[in-house]
Each structure stands twice: as C-alpha cells, then as structure tokens.
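Fold and geometry: a report
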Amino acid sequence: MTILDTGIKIVRNVGRFTFGQGAVSGVKDLVASRRTDDHKHAVFLIDDYFQKITDTASSLGALPGDSVQFVGTVDEPTTQGIDALVAKLHGSGHDKPATVVGFGGGITLDTAKAVSNLLTNGGRAADYQGWDLVRVAGVHKIGVPTISGTGSEATRTCVMTNLDTGLKLGMNSDFTVFDHVVLDPSLTKSVPRNQYFYTGMDAYIHCIEALAGSYRNAIGDAYSRETVNLCRKVFLGDDMMNDELRSDLMVASYLGGCAIATSYVGVVHPFSAALSVVFGLHHCVANCIVLNAMQDFYPGAHAEFRKMIEKQKVTLPKNVCANLTDQLRTDLIAATIKHEKPLTNALGENFRATLTDARIISLFEKM
Ligand SMILES: [Fe+2]
C-alpha cells in the first residue's frame, strides 16, 4: 500500500452533456424539465463577471421566484463562503430547488457542486473535505463553463479552502459530478486573452504532469494524450481564440478533467499551490509562473510552453518571489512539500532527496 492507493480508482463521468456553438440556448428547457409542483424553483449561481449582462439569468431560464446568486471570483472558494451561501438559500426558502445551475469558471462550477451536495446532506462544507464523505446524492445540477481549462465541469471534486485550518481540499465524491454539462464554445469569446491562456494551460499542465508520473491509468493516459494534442493545436495555432480553437480548447478542458479524475499531478501543482497560499495568486496564472521555471523537471513541456506563450503574445507576472524573507521561505517550503501525493507521483516516496529546502527556494527565486 503506497500513499498513491486512494479512492482515485473510482471513476464516475458526467451524466449527460450537450456540446456545440449555441448549446447554451438549451439550458432553459433543461431547467424547465426539472421543475415539479414540489420543486418549483431553481437556483442559479452565476460568475459575477456576468452581473453587467442583465439578461444572463433569464437567458438560462430563471423565472420570478428563483434564486439568482452571483459568485465572486476575486478569491477562490472557501468552506465558510459555501456555508454562507447555503444558509442564504435556506433563509429564502430555496433549500429544495428543482436544479442548481452553475454558470461560469472553475470557481463558480465548484461552488455549484458544493452547494448541491450540502443542500441534501446538511452539515457544513468542511465536514465533507476528503474522499467519499458525501452520504447522499446532491440536488440535480447543471454545469455551464464560460472559460476552458480547469476541467471542473468533468471532475468529481470541488476545491475549497477552509480558512480556519488552511486545508485546501475538495469533496471528492461520485455525488459531486454534474448531472448535465453544457459545453458551448461561443461563451468563451469574450474572455481576456491572458486569462484564456493561463486557464487553458491548466489542462495542458495537468496532463503533462500525469503522463510523466509513476501512477498510471490506461484510460486516464488516453484522455491526457488527447488533451495535450488539442492544447498544442490551440496554443501553437495562429490565433488561440478563433472559433475553431476555442471549440478545441473546450473539448481539451473536458477531457483534461476526465484525465485528472484518474491520475495525479506532479511537481508544478504543489509549487503553484504554495504561490496561491503564500501570495494569493490564482491557480492558473500560478501554474504558468511555475512551469516557466521548471526546465529541470519538465524540459520538453517547458520548451513547448515558451513557444506557446511567445506565439500567443501573452505576458506573465515576473519576479513574484523577489525579496523573500526567512518567514516567506519557510512558508513556501511547507506549502509545497505538504502535497505528498503529486510529489510522490513525480519523484518517488523519497522526493525530499531531490527537493531539498535549498532547491525549492532556488526554484521559487526563478519565478
Ligand atoms: Fe490545476
């Protein structure tokens, strides 16, 4: 039994999905089909970017009496934030909705998954951080990604940080998987270029890490290889945001999500998580900053990443670890090495022989 023998062998895919330009117009009918006399109202969790587009909720089928909540994206989800949202739905009588619709990026989709589980399981979000702790199925849920890359639309987890304990861990459960996902590439047209690149690279990075690891799953590998192929086509293409490539990246994101459900990441994600915890950098930009410094561990992917970022004329934040204090060095090391599973997957159980304190800091200093 090694540290890598966990519930990861259990695989559950999304119940149904709809794909194509304009697919979002079908959400209305999906929501309507879930309404019954006992469950009249629906809950819509919408990325707050769309607050300025006033007809977003109604275009998704929201009716008077439904609950429409905008999900902030400045900070990634916290268990406390999820609990507050669930309490609000209880307070307004929306605790038994016909369906929960998540419309947005990874933060919003993960929020929808967590809220759906809590409405039927009770208790608090922190009670379910871990593997297979959710007892009963959540409320029916529909996921509509508006940016491609994190794969949240396909996975059986929803990442949350408990602000009291600092634990960043999702509800890994079959019940966390969306019942229906609607993939419409027209939704990613207005994403800012840098953000589109950083988020899309999350899919690429997950899969190059999985394919370089020791823990392997033949089906996961197939998903990973195709995800990497599609990301190459997108990010080495002339314009990563043309109609065809936005469609390809949406497929890559979905397949990448299926891939990580059966594999582990590697060295990039632990360093990236440390940048998020210590400096508050968002997951996807932090990943890119880390890969940019990972020539020693992933020489092929690093060279390819450099080509992609130059081809798409994307900029990366620089010198994010300038002027480290002793305390920051200690915090960065601790926040990196706590990710034992991916580090073991990449470097073996004795990963600290390779990743000494000095080596970890010299890598951060390159970022
Ligand atoms: Fe990731």
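Since we're looking at a predicted model, the values are computed, not measured. (Residues numbered from 1 in each chain as written. Predicted model: local features only at pLDDT ≥ 70, side-chain atom pairs only at ≥ 80, totals over all residues. Heavy atoms only, no water.)

Section: the coordination of the iron ion
Binding of the iron ion to the protein goes through Asp202 (OD), His206 (NE2), His269 (NE2) and His283 (NE2), at separations of 2.1 to 2.2 Å. Taken together, the 4 donor atoms coordinating the iron ion span angles of 88 to 174 degrees at the metal, a pattern that classifies the geometry as irregular. When the donors of the iron ion are listed by position in the chain, the intervening gaps give D-x3-H-x62-H-x13-H. Of this pair, Asp202 and His206 both sit in helix H5 (residues 193-212), separated by 4 residues, roughly a single helical turn. (Donors = N, O, S within 2.8 Å, 3.2 Å for Na, K, Ca; no water. Tetrahedral: all angles 85-135°; square planar, octahedral: opposite > 155°, others 65-115°. Helix = DSSP H or I, 4+ residues; strand = E, 2+ residues; numbered from the N terminus.)

Details of the side chain of Thr227
Within the fold, Thr227 resides in helix H6 (residues 218-235). With a relative accessible area of 0%, Thr227 lands in the buried category. Within the local environment of Thr227, its side chain forms a polar contact with the backbone nitrogen of Gly256, the two atoms lying 3.2 Å apart. Not counting residues within four places of it along the chain, the set of residues in contact with Thr227 comprises Ala203, Cys207, Ala252, Leu255 and Gly256. (Buried < 20%, exposed > 50% of the residue type's maximum accessible area, 1.4 Å probe, protein only. Polar contact = N/O pair within 3.5 Å; in protein donor to acceptor, adjacent residues only side chain to side chain. Contact = heavy atoms within 4.5 Å.)

A closer look at the packing of helix H8 (residues 268-279) against helix H14 (residues 357-365)
In a pair of packed helices, the angle between the axes and the distance between the axes together describe the arrangement. It is at 12 Å that the axes of H8 and H14 come closest, and there the two elements cross at 70 degrees. One way to sum up the angle between H8 and H14 is to call them roughly perpendicular. You can see that H8 and H14 cross each other, and the crossing is right-handed. On H14, the residues touching Phe271, Ala274 and Leu275 of H8 are Ile360, Leu363 and Phe364. Among the residues forming the contact of H8 with H14, the class breakdown is 6 nonpolar, no polar and no charged. (Axes fitted to C-alpha atoms, helices over the stretch in contact; angles between N-to-C directions. Parallel < 35°, antiparallel > 145°, perpendicular 65-115°, else oblique. Left-handed = near helix turned anticlockwise from the far one by under 90°. Nonpolar A, V, L, I, M, F, W, Y, C, P; charged D, E, K, R; others polar.)

Brief notes about the nonpolar core
Among the nonpolar cores identified, the biggest contains 90 residues, and Phe197, Tyr204, Phe235, Phe271 and Met294 are the most heavily contacted of them. Top contributing element to this core by residue count: H5, with 9 residues. Viewed by domain, this core spans two of them, domain 1 (7-187) and domain 2 (193-365), each represented by three or more residues. When sequence neighbours within four positions are dropped, the list of residues in contact with Phe197 reads Phe235, Met240, Cys288, Phe305, Met308, Ile309, Gln312 and Val314. Membership of the second largest hydrophobic core comes to 18 residues, among which are Ala23, Phe50, Val101 and Ile142. (Core = buried A, V, L, I, M, F, W, Y, C linked by side-chain atoms within 4.5 Å. Domains from an automatic or database assignment.)

Topic: the sheet that holds strand S4 (residues 100-104)
The parallel open sheet is built from 6 strands, whose spatial order is S1-S8-S6-S4-S2-S3. Unpaired on one side and paired on the other, strand S1 (16-19) and strand S3 (67-71) mark the two borders of the sheet. Averaged over all pairs of adjacent strands, the angle between strand axes in this sheet comes to 15 degrees, irrespective of strand direction. Sheet analysis places S1 next to strand S8 (residues 180-183), joined by 4 bridges and oriented parallel. The residue of S8 that forms the bridge with Thr18 is Val182. Sheet strands in contact with helix H7 (residues 243-260) are S1, strand S6 (141-145) and S8, and its direction is about 165 degrees off that of S1. (Pairing = 2+ DSSP bridges.)

Brief notes about the pattern of salt bridges
This structure, assessed with the given rule, holds 19 salt bridges. Residues Glu304 and Arg232 are paired through a salt bridge, measuring 2.7 Å at the closest nitrogen-oxygen approach. Here the residue Glu304 occupies a position in helix H10 (residues 299-311), and Arg232 occupies one in helix H6, the gap between them amounting to 72 residues. Under the relative-accessibility criterion, Glu304 is labelled buried at 15%. Judged by relative accessible area, Arg232 falls into the partly exposed class, the value being 34%. Between Arg359 and Asp296 there is a salt bridge whose closest N-O contact spans 3.4 Å. On the criterion of sequence distance, the pair formed by Arg359 in helix H14 and Asp296 in the loop between helix H9 (283-291) and H10 is long-range, its members being 63 residues apart. For Arg359, a relative accessible area of 28% puts it in the partly exposed group. Judged by relative accessible area, which is 52%, Asp296 ranks as exposed. (Salt bridge = Lys/Arg side-chain N within 4 Å of Asp/Glu carboxyl O.)

Structural notes on the packing of aromatic side chains
Centre distance and the angle of the planes are the two values used to describe a pair of aromatic rings. Going through the model one piece at a time under the given rule, you end up with 7 aromatic pairs. Measuring from ring centre to ring centre gives 6.1 Å for Phe197 and Phe305, while their planes differ by 45 degrees; the resulting arrangement is tilted. Of the two residues, Phe197 sits in helix H5 while Phe305 sits in helix H10, which places them 108 residues apart along the sequence. The same class applies to Phe197 as to Phe305, namely buried. A centroid spacing of 5.0 Å and a plane angle of 40 degrees characterise the contact between Phe271 and Phe364, whose relative ring orientation is tilted. Separated by 93 residues along the polypeptide, Phe271 in helix H8 and Phe364 in helix H14 bring together distant segments of the chain. Both residues of the pair, Phe271 and Phe364, belong to the buried class. (Phe/Tyr/Trp six-rings, centres within 6.5 Å; stacked < 30°, edge-to-face > 60°.)

Some points on unusual backbone geometry
Backbone geometry follows two general trends: most residues other than glycine have a negative phi, and most peptide bonds adopt the trans configuration. Despite not being glycine, Lys313 shows a phi value in the positive range, around 50 degrees. Mapped onto the elements of the fold, Lys313 is located in the loop between H10 and helix H11 (326-337). On the basis of relative accessible area, Lys313 is assigned to the exposed category, the value being 72%. Notably, Asn319 is not glycine yet its phi reads approximately 50 degrees, a positive angle. Topologically, Asn319 is positioned in the loop between H10 and H11.

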